[in-house]
Amino acid sequence: MNDIHESVQDYYGKELKSSDDLKTNACCTLTAPPTYIMEALNKVHDKVQSTYYGCGLTIPLQVEGLRILDLGSGSGRDCYIASQLVGANGSVVGVDMTDEQLKIANDHKAYHADLFGYDNVEFIKGNIESLDELNFEANSFDLIISNCVLNLVNDKQKVLKDIHNLLKPSGEFYFSDVYSDCRIPVDLQNDKVLWGECLSGALYWNDFLNFAKKSGFTDPRAVENKPITIDNKELEEKVGNISFFSVTYRLFKIAELESDCEDYGQAVVYNGTIQGALSAYDLDDHHHFPKGKMMLVCGNTYRMLNDTRFKDHFTFYGSWDTHYGIFEGCGGAMPFNVNGADTEAASCC
Ligand SMILES: C[S@@+](CC[C@H](N)C(=O)[O-])C[C@H]1O[C@@H](n2cnc3c(N)ncnc32)[C@H](O)[C@@H]1O
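What counts, and where the lines are drawn
Position labels on residues start from 1 in each chain and follow its written sequence. Since the coordinates come from a predicted model, pLDDT governs what is reported: local features require at least 70, and pairs of side-chain atoms require 80 or more to be given and counted, while whole-chain, interface and lining totals use all residues. Only hydrogens and water are set aside when side-chain values are computed; all heavy atoms of the structure are taken into account. All domain edges in this entry derive from an automatic or database-based domain assignment. We call two residues in contact whenever any of their non-hydrogen atoms come within 4.5 Å of each other. Once two parts are joined, some of their accessible surface, as seen by a 1.4 Å probe, is lost; buried area is that loss totalled over both. Buried Ala, Val, Leu, Ile, Met, Phe, Trp, Tyr and Cys residues form a nonpolar core when they are joined through side-chain atoms within 4.5 Å. Exposure is judged per residue with a 1.4 Å probe applied to protein chains only, and the accessible area is read against the type maximum: over 50% gives exposed, under 20% gives buried, and values in between give partly exposed. Strands here mean DSSP runs of E at least two residues long; helices mean DSSP runs of H or I at least four residues long; both are numbered from the N terminus. For this analysis, a ring pair means two rings from Phe, Tyr or Trp (six-membered ring only for Trp) whose centres lie within 6.5 Å, classed as stacked if their planes differ by under 30 degrees, edge-to-face if by over 60, and tilted for the remaining angles. Cation placement over rings: the criterion is NZ of Lys or CZ of Arg within 6 Å of the ring centroid and within 35° of the ring normal. Any residue with a heavy atom positioned within 4 Å of a molecule or strand is treated as near that molecule or strand. The definition of a polar contact used here is a pair of N or O atoms within 3.5 Å, where within protein one atom must be able to donate a hydrogen and the other to accept one, and adjacent residues in sequence count solely through side-chain atom pairs. Here the accessible surface of atoms and residues is derived via Shrake-Rupley with a 1.4 Å probe, and residues count as covered only by protein chains that are part of the display. Here the axes come from fitting lines to C-alpha atoms, over the contacting stretch only for helices, and the angles between their N-to-C directions go from 0 to 180 degrees. Working rule for angles: under 35 degrees goes down as roughly parallel, over 145 as roughly antiparallel, 65 to 115 as roughly perpendicular, anything else as oblique. Two helices crossing with the near one rotated counterclockwise from the far one by less than a right angle form a left-handed crossing, whereas a clockwise rotation gives a right-handed crossing. Residues are grouped as follows: Ala, Val, Leu, Ile, Met, Phe, Trp, Tyr, Cys and Pro are nonpolar; Asp, Glu, Lys and Arg are charged; every other residue, Gly included, is polar.

### Focus: the domain arrangement of the protein
Along its sequence, the protein is carved into domain 1 (2-252) and domain 2 (256-331). Domain 1 and domain 2 are separated by 28 Å when their C-alpha centres are compared. On the side of domain 2, 24 residues touch domain 1, which itself brings 15 residues to the contact. Of the roughly 1600 Å² buried between domain 1 and domain 2 on both sides combined, carbon and sulfur atoms contribute 53%.

### Comments concerning the nonpolar core
Judged by nonpolar contacts, the single largest core of 34 residues is most densely connected at Phe-208 and Tyr-249. Looking at this core, the elements that each hand over two or more residues are strand S1 (67-71), strand S2 (91-96), strand S4 (141-147), helix H7 (156-166), strand S5 (167-180), strand S6 (203-204), helix H10 (205-214) and strand S8 (244-252). If we ignore the near neighbours within four places in the chain, the residues touching Tyr-249 are Phe-173, Tyr-174, Phe-175, Tyr-179, Phe-208, Leu-209, Pro-220, Arg-221, Ala-222, Val-223, Pro-335 and Phe-336. By size, the runner-up hydrophobic cluster in this structure holds 27 residues, among which are Tyr-11, Leu-16, Leu-152 and Val-239.

### Points about the packing of aromatic side chains
Evaluation of the coordinates by the stated rule reveals 20 aromatic pairs. Taken together, the ring pairs in this structure connect Tyr-264, Tyr-270, Tyr-281, Phe-289, Tyr-302, Phe-310, Phe-314, Phe-316 and Trp-320 into an aromatic cluster. One cation-aromatic arrangement involves Arg-77 over Tyr-52; the distance from NZ or CZ to the ring centre is 3.5 Å. Lying over the aromatic face of Trp-320, Arg-303 brings its terminal NZ or CZ to 3.9 Å of the ring centre.

### A short note on the site of the ligand
Of all residues adjacent to the ligand, which total 22 residues, the nearest are Tyr-53, Gly-72, Asp-96, Thr-98 and Asn-127. One of the backbone nitrogen or oxygen atoms of Met-97 is found 3.3 Å away from a nitrogen atom of the ligand. At 2.9 Å, a backbone N or O of Ile-128 approaches a nitrogen atom of the ligand. Protein coverage of the free-state accessible area of the ligand, which is 590 Å², stands at 99%. Of the residues forming the shell around the ligand, the biggest block, three residues, is contributed by helix H1 (residues 2-15).

### Observations regarding the environment of Gln-84
Position of Gln-84 among the secondary structure elements: in helix H4 (residues 77-86). Overall, Gln-84 belongs to the buried group, its relative accessible area being 16%. Along the primary structure Gln-84 and Glu-64 are separated by 20 residues, whereas in three dimensions their C-alpha atoms are 8.8 Å apart. With residues up to four places along the chain from it excluded, the contact list for Gln-84 reads Ala-40, Lys-43, Val-44, Phe-116 and Tyr-118. Engagement of the side chain of Gln-84 in a polar contact is seen with the backbone oxygen of Tyr-80, the distance being 3.1 Å.

### A word on the side chain of Ser-215
Of note, Ser-215 is situated in the loop between H10 and strand S7 (221-228). A distance of 2.7 Å separates the side chain of Ser-215 from the side chain of Gln-157, its partner in a polar contact. Among all residues touching Ser-215, those that are not within four sequence positions of it are Gln-157, Leu-160, Lys-161 and His-164.

### Considering the packing of H4 against helix H6 (residues 109-116)
Relative to each other, H4 and H6 sit at 25 degrees, their axes nearing to 11 Å. In this view, H4 runs roughly parallel relative to H6, as classed from their interaxial angle. The interaxial crossing formed by H4 with H6 has right-handed handedness. Residues Tyr-80, Ser-83 and Gln-84 of H4 form the contact with H6, whose participating residues are Lys-109, His-112 and Phe-116. When the residues that make up the contact of H4 with H6 are grouped by side-chain class, the tally is two nonpolar, three polar and one charged.

Now the structure itself:
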């Protein structure tokens, strides 16, 4: 296990000097950021941007005033974006284990504090497989984010359990990572380049869902998924027929969520008040809420909107008095679309 840490530190500390040195497109963000991220990203220092190795968009909407933890924060790009979005009343803590990455992050703290007019970001050296040793209080973060890091750790189940413990009730783990359509063979797991490039440690999607559920995140929701093409002949040959995906998931810490989507005859109307989503709000890849339109929802979706920071932005209808059975459309197939378009109906309602 220490071997993995050393080789990852080596890869992100010494081997890679900037995102141009990556050998595949696994640690690249394949989706153009929405305007609210783009505006904040434009204010992040070039040096920080050039040492970004994330694979997705990890900062959800409606984060003003939140306390955020970024796991594997690297040179700090997402922390400095989040810093602006949470504002002076929020705060951001980044944890990473690689000195060189932390140095870039810390070297640009004063630059960003001057530019934003406040200093609400802190970087801590630490191993996210030992989050329980970092002196964070249980139930103390509103939102935990992570960008292309969980694949690099050995004990993914433990990390998910610790994340669950650190989140406040109704808090959320929102993160992008690399997934595969099968478990990665051991010989590929031992390939340092493939591991460093975020491929060999990829989470087999069904293992991930089971780890998440065992950690207390009963109903994981995919927000976006894209196939990874690798773009390197030699490495493509090594991985053979394994398909990889870059996926953003959101996991709510809501104790009452049920293992399946149950129908209580409930409905919600989006009020159109979330900044950055005034005409429609997407909770995940199969819940699109146009402003003003009444939408039937399962009990879990109702809770994800009613028990969280989204409550004031929706109008809620119905109760828990009558149960009508399973919500139509629940399924258990692989939730990613090999052809590239986002899935609509493969997973639960
Ligand atoms: C693919 S890079 C992503 C960095 C950053 N999230 C970004 O988007 O630029 C992976 C980062 O995770 C860090 N990392 C990997 N395993 C870690 C662990 N067990 N504990 C802390 N940091 C870790 C590495 O040092 C590296 O900075």
